[in-house]
Amino acid sequence: QKEVEQNSGPLSVPEGAIASLNCTYSDRGSQSFFWYRQYSGKSPELIMSIYSNGDKEDGRFTAQLNKASQYVSLLIRDSQPSDSATYLCAVRGSGTYKYIFGTGTRLKVLA
Amino acid sequence: NAGVTQTPKFQVLKTGQSMTLQCAQDMNHNSMYWYRQDPGMGLRLIYYSASEGTTDKGEVPNGYNVSRLNKREFSLRLESAAPSQTSVYFCASSESRLAHNEQFFGPGTRLTVL
């Protein structure tokens, strides 16, 4: 089992819809969770971070964390074609300086 | 602030050649990382340096060496390049003494080994 798992997609949503991206992780002691967006040919950039169970909202983005289920998600409301990118989930493990990345989910927002 | 910088941006090597990828950060971060990214594989950690003076292997260290030259700079060396090392290489840094701090990435180096 991979340490951080994501559906590779592509996930296609119409413009204006809600895009839901999911990530599961295996280390129950993980402390911090990050969502990065990566456009083709570019480097990853941070979208959201979350550390506590529940929801965290920032503009059109909401991160959700459920440590009991070892599950973290990212919701993008009012999706725009400019949101089309690969979204990477990253997890900071317990007692480590390492960040483990999933393989990413490719999102396509259709105009 | 430039953030995280990497040189070169592109490189083509022949099998067996050596080269060093350079990375520098101006955010006074204690930790630095080297990743490679291949299609469908996500970001895989090659080596990292939790703090100045320390380096540790990541998931895919074979064929690579690193040097943490000082707090700002972390280099990645390929001693004898192989076609399997064709990839995009990203350097990242983090103030990782706090678990909640994120990583910041450089622009990447696109390496082709023929």
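Above this text you will find the structure in question.
Right, let's walk through the structure included here. (Residues numbered from 1 in each chain as written. Chains lettered and ligands numbered in written order. Predicted model: local features only at pLDDT ≥ 70, side-chain atom pairs only at ≥ 80, totals over all residues. Heavy atoms only, no water.)

### Structural notes on the environment of Leu-65 of chain A
All names here are of chain A.
Right, on to step 1. Turning to its location among the elements, Leu-65 is positioned in strand β7 (residues 61-66).
Right, on to step 2. On the basis of relative accessible area, Leu-65 is assigned to the buried category, the value being 5%.
Right, on to step 3. Once residues within four sequence positions are removed from consideration, Leu-65 is found in contact with Tyr-25, Phe-33, Ile-50, Tyr-51, Ser-52, Asn-53, Gly-54, Tyr-71 and Val-72. (Helix = DSSP H or I, 4+ residues; strand = E, 2+ residues; numbered from the N terminus. Buried < 20%, exposed > 50% of the residue type's maximum accessible area, 1.4 Å probe, protein only. Contact = heavy atoms within 4.5 Å.)

### Here's the deal with the sheet that holds strand β3 (residues 19-25) of chain B
All names here are of chain B.
Right, on to step 1. Strand order in the open sheet formed by 4 strands is β1-β3-β8-β7, with antiparallel pairing between adjacent strands. At either end of the open sheet lies a strand with only one pairing partner, and these are β1 (4-7) and β7 (64-68). Here the strands of the sheet are splayed against their neighbours by 15° on average, with no regard to which way each runs. (Pairing = 2+ DSSP bridges. Axes fitted to C-alpha atoms, helices over the stretch in contact; angles between N-to-C directions.)

### Considering the sheet that holds β7 of chain A
All names here are of chain A.
Right, on to step 1. Here we have 5 strands laid out as an open sheet, ordered β1-β3-β8-β7-β6, and antiparallel in their pairing. Each end of this open sheet is capped by a strand with a single partner; those strands are β1 (4-5) and β6 (54-58).
Right, on to step 2. Here β6 pairs with β7 via 5 bridges, running antiparallel. Bridging across to β7, Lys-56 finds its partner in Ala-63.

### Looking at the pairing of β3 of chain B
Residues and elements named next belong to chain B.
Right, on to step 1. Counting buried residues along β3, 5 of its 7 residues qualify, which places the element largely inside the surrounding structure.
Right, on to step 2. One ladder, built from 4 bridges, connects β1 with β3; its direction is antiparallel. Bridge pairing in β3 places Val-4 opposite Gln-25.
Right, on to step 3. Bridging between β3 and strand β8 (residues 74-78) involves 3 bridges; their strand directions are antiparallel. Bridge pairing in β8 links Met-19 to Leu-78.

From the geometry alone we can't say anything about function, so treat these as descriptive.
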